[in-house]
Amino acid sequence: MSQAATPPPPPPGQHTPPEPTPRETAWAAGGTLFAGMLMLFGGAMAILEGVVGISKDSVYLVTRGDYTYKFDVSSWGWIHLVLGVLAVVVGWGLLSQGAPWSRYGGMLIAGLSMVANFMFLPYQPVWSVIMIGIDIFVIWSLSTYHPGHGPAGTHAGGLL
């Protein structure tokens, strides 16, 4: 019966990060699955929000006085439509393939969505704050999950 060889210690002056515990890995994997679902459904809602903004300029009204970031509502519609389509594509890639590009793309799209929702605050304040919180969670979960550190030590394809 052979024992698994332990890796050699790091060279002096070099620090290796501690391995995540199975509980941390399970939280991150579950969070990543949830983040992928949020990207799919949040992207679909952003697409609908964009279509409404493009088609009917009077739906969104500024709730506070003069605002620094002035775009007309159809511009916001196009911004949300493009971000929504990208979020759906990246969410699908994350759930079906689990590819590194989808993790990095998800963090990028969530960051862009966070900025767009911050700038969209005067039009939909409650919705924008909720979406900023969701984007923060998506970035956290995609940046902390490392598929090779699971209990089995392997990762086969997507999360689903």
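Residues numbered from 1 in each chain as written. Predicted model: local features only at pLDDT ≥ 70, side-chain atom pairs only at ≥ 80, totals over all residues. Heavy atoms only, no water.

Between helix 2 (residues 73-96) and helix 3 (residues 100-119), the shortest axis-to-axis distance is 9 Å and the interhelical angle comes to 155°. Judged on the interaxial angle alone, helix 3 and helix 2 are roughly antiparallel. In terms of crossing hand, the pair formed by helix 2 and helix 3 is left-handed. Taken together, the residues of helix 3 that come into contact with helix 2 (itself represented by Trp76, Ile79, His80, Leu83, Leu86, Ala87, Val89, Val90, Gly93 and Leu94) are Trp101, Ser102, Arg103, Gly105, Gly106, Ile109, Leu112, Ser113, Ala116, Asn117 and Met119. The class makeup of the residues in the contact of helix 2 with helix 3 is 13 nonpolar, 7 polar and 1 charged. (Axes fitted to C-alpha atoms, helices over the stretch in contact; angles between N-to-C directions. Helix = DSSP H or I, 4+ residues; strand = E, 2+ residues; numbered from the N terminus. Parallel < 35°, antiparallel > 145°, perpendicular 65-115°, else oblique. Left-handed = near helix turned anticlockwise from the far one by under 90°. Contact = heavy atoms within 4.5 Å. Nonpolar A, V, L, I, M, F, W, Y, C, P; charged D, E, K, R; others polar.)

If you look at the biggest cluster of nonpolar residues, it comprises 10 residues: Ala35, Met39, Ala87, Val90, Leu94, Met107, Ile109, Ala110, Val138 and Leu142. Elements that contribute at least two residues to this core include exactly helix 1 (22-55), helix 2, helix 3 and helix 4 (125-144). Val73, Met119, Phe120 and Tyr123 belong to the second-largest nonpolar core, a separate cluster that totals 5 residues. (Core = buried A, V, L, I, M, F, W, Y, C linked by side-chain atoms within 4.5 Å. Buried < 20%, exposed > 50% of the residue type's maximum accessible area, 1.4 Å probe, protein only.)

So, on to empty space enclosed by the protein. It is the rolling of a water-molecule-sized probe over the atoms that shows where space remains empty. Per the stated rule, a full pass over the model turns up 2 cavities of 30 Å³ or more. Empty space within the largest cavity amounts to approximately 240 Å³. Along the wall of the largest cavity there are 21 residues; nearest its centre are Gly42, Ala87, Ser113, Met131 and Asp135. Listing elements by their share of the lining of the largest cavity, those giving two or more residues are helix 1, helix 2, helix 3 and helix 4. In terms of residue count, helix 1 provides more of the lining of the largest cavity than any other element does, 7 residues in total. Residues belonging to the lining of the largest cavity are distributed by class as follows: 13 nonpolar, 6 polar and 2 charged. (1 Å grid on protein atoms, 1.4 Å probe; cavity = no way out; pocket = protein on both sides within 12 Å on 5 of 7 lines; lining within 4 Å. Points joined across faces, edges and corners; volume = space filled by probe spheres on them.)

Moving on: a nonpolar patch on the surface. On the surface, Val85, Val89 and Trp101 cluster together into a nonpolar patch covering about 270 Å² of accessible area. Inspection of the secondary structure puts Val85 in helix 2. For Val85, a relative accessible area of 41% translates into the label partly exposed. (Patch = residues over 30% accessible without salt bridge, like charges linked within 9 Å, V, L, I, M, F, W, Y side chains within 5 Å. Areas by Shrake-Rupley, 256 points an atom, 1.4 Å probe, with all protein chains shown as cover. Salt bridge = Lys/Arg side-chain N within 4 Å of Asp/Glu carboxyl O.)

This brings us to the side chain of Ser102. The topology assignment puts Ser102 in helix 3. When its relative accessible area of 0% is taken as the criterion, Ser102 is described as buried. Setting aside anything within four residues of it in sequence, one finds Ser102 in contact with Val90, Gly93 and Leu94.

Our next topic: helix 4. The terminal C-alpha atoms of helix 4, which comprises 20 residues, lie 29 Å apart, in line with the 28 Å expected from a rise of 1.5 Å per residue. For helix 4, every residue scored as buried is listed here: Ser128, Met131, Ile132, Asp135, Val138, Ser141 and Leu142. (Expected span 1.5 Å × (residues − 1).)

Mean pLDDT over the protein: 77, with 64% of residues reaching 70 or higher. Of all the helices and strands in the protein, helix 1 carries the lowest mean pLDDT, 81, while helix 3 carries the highest, 90. (pLDDT = per-residue confidence, 0-100.)

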